[in-house]
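Here is how the chains run, residue by residue.
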Amino acid sequence: MDYLQIKKTNPLHGEIKISGAKNAALPLIAMTILAKNRVTIKNLPHVADIKTLLKLLSNLGAGCVSEWGEEASTTIDTRTLTQTKATYDIVRTMRASILVLGPILARFGHCEVSLPGGCAIGQRPVDLHLKALEQMGAVINIEAGYIHAIAPEGLHGCNIIFDKITVTGTANIVMAAALAKGVTTITNAAREPEVVQLCEILNASGVKIEGIATAILTIHGTNGALLEIEPFSVIPDRIEAGTYLCAGAITRSELTLKNANAKHLGAVLSKLEEMGSKFTITENSITIHPSEVIKHVKIVTQEYPAFPTDMQAQFLALATQADGTSIIEERLFENRFMHVSELQRMGADISLNGNIATVNGKSKLSGTDVMATDLRASSALVLAGLVADGVTSVHRIYHLDRGYDSLEKKLQAVGADIQRLRE
Ligand code: EPZ
């Protein structure tokens, strides 16, 4: 297995190009199940989760022709889809496979998807997805670890109120509603930029959607008519961008991110400013001007546009280098502090009390062998390695490869002493 070896790095300098957003590309790939034409998706990130979902679609009979060069893209033809069962072997490796449930059910009237199961950061149930589909007319049974869904009369529009804001739940129901008969409203919808892009592409493809980017979506279904979807590019990955901004802050480096959309990073930029950084922002770039002294901070993770849970681990690593005590509260997932024990082994002074981490900085970190436990925890350990004395080896980086496109190459290009080695 691969691992990353990182040594303390003098300030970084230069530019990093941000890739397409994994969490936008996943629902957009599932959305092609609603199309009557071949759909071309550009600016795909080179990450494992995208390749996994494309493999799933191929297993179902779709044609996927992908280019994995610098500008990665794929052309998906779902006219040849014959299967409607997403099997455990794929779903267990990527729980976002649940995103095919809504579109397949809407198009074919039946679908079987392996229950995704939990993951390291939490139980991650899909009850809200299923309850909403039942309201739309689906009959759903859970048997032998699979979701068996049928909609003999097709799906019909209705008023859905999500008990909790769910990103992939909103995406799934928007896609199901796109082909349904009648109008669906979703109250308490997710407003993440990734959900917004899905709605915008559907809206441009003949599905009238009102309230895009708000908490109340109204989707006018096509009553089964498939969609003509023009080629489009995936939006930039705001979490990748936020991660590299933290790299600039923690190493006191001036870095410029190209293809980054600052409008998607309001809460993250605001917290970095609170900690002392300043920014130069243009239409599609962000330059961080870090402070020598990092100020402590208080963070509570919430749904967009508030501070994202996917940036919690990276800020916790940064907070170990801040002067004073930082408080970081994780409100979305019940087990998203597994990076804490690894950071403590590097010398960080962190205490956990339920879902609140208290970080006493500034800690002197020492490199050692550490283990990645989930996608964003992995990047937090890399950030710590950039400022730790000695050598930090981050193991089990298959977690990292699920969601970061060429992370070590992008950091090497701005001067980081980081390399990918084989165990
Ligand atoms: C999406 O996961 C992202 N993944 C996650 O990013 C992200 O952390 C999360 O949204 C929150 O922003 C993708 O978009 C592929 P949720 P998702 O449904 O949709 C509870 C990463 O690092 N819930 O918004 O699975 C759930 O347990 C990944 O890129 C239910 O109770 O998250 C959680 O507490 C990690 N029942 C909360 O809602 C449901 O049916 C938010 O979950 C659905 C969710």
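Our structure's up above, just so we're on the same page.
Residues numbered from 1 in each chain as written. Predicted model: local features only at pLDDT ≥ 70, side-chain atom pairs only at ≥ 80, totals over all residues. Heavy atoms only, no water.

**Here's the deal with the overall build of the chain**
Logical step 1: Tallying secondary structure elements over the chain gives 14 helices and 24 strands in all.
Logical step 2: A compact globule built from 423 residues would reach a C-alpha radius of gyration of about 22 Å, and the chain, at 21 Å, matches this within 12%.
Logical step 3: Principal-axis analysis of the C-alpha atoms places the extent of the chain at approximately 65 × 45 × 40 Å.
Logical step 4: For the chain, buried positions account for 57% of its 423 residues.
Logical step 5: Per element, the accessible surface of the chain, about 16000 Å² overall, is 50% carbon and sulfur.
Logical step 6: In the chain, 40 side chains carry a positive charge and 43 a negative one; their mean positions are 1 Å apart. (Helix = DSSP H or I, 4+ residues; strand = E, 2+ residues; numbered from the N terminus. Rg over C-alpha atoms; globule rule 2.2 N^0.38 Å. Buried < 20%, exposed > 50% of the residue type's maximum accessible area, 1.4 Å probe, protein only. Areas by Shrake-Rupley, 256 points an atom, 1.4 Å probe, with all protein chains shown as cover. Lys, Arg positive; Asp, Glu negative; His and termini not counted. Charge placed at Lys NZ, Arg CZ, Asp CG, Glu CD.)

**Focus on the state of the cysteines**
Logical step 1: With the rule as written, the count across this model stands at zero disulfides.
Logical step 2: Free of any disulfide, Cys 64 has its nearest cysteine sulfur in Cys 111, 16 Å distant.
Logical step 3: We classify Cys 64 as partly exposed; its relative accessible area is 22%.
Logical step 4: The exposure class of Cys 111 is buried, given its relative accessible area of 2%. (Disulfide = S-S within 2.5 Å.)

**Quick notes on the side chain of Gln 5**
Logical step 1: Within the element layout of this structure, Gln 5 appears in strand S1 (residues 2–7).
Logical step 2: Among all residues touching Gln 5, those that are not within four sequence positions of it are Val 391, Thr 392, Ser 393, Asp 417, Ile 418, Gln 419 and Leu 421. (Contact = heavy atoms within 4.5 Å.)

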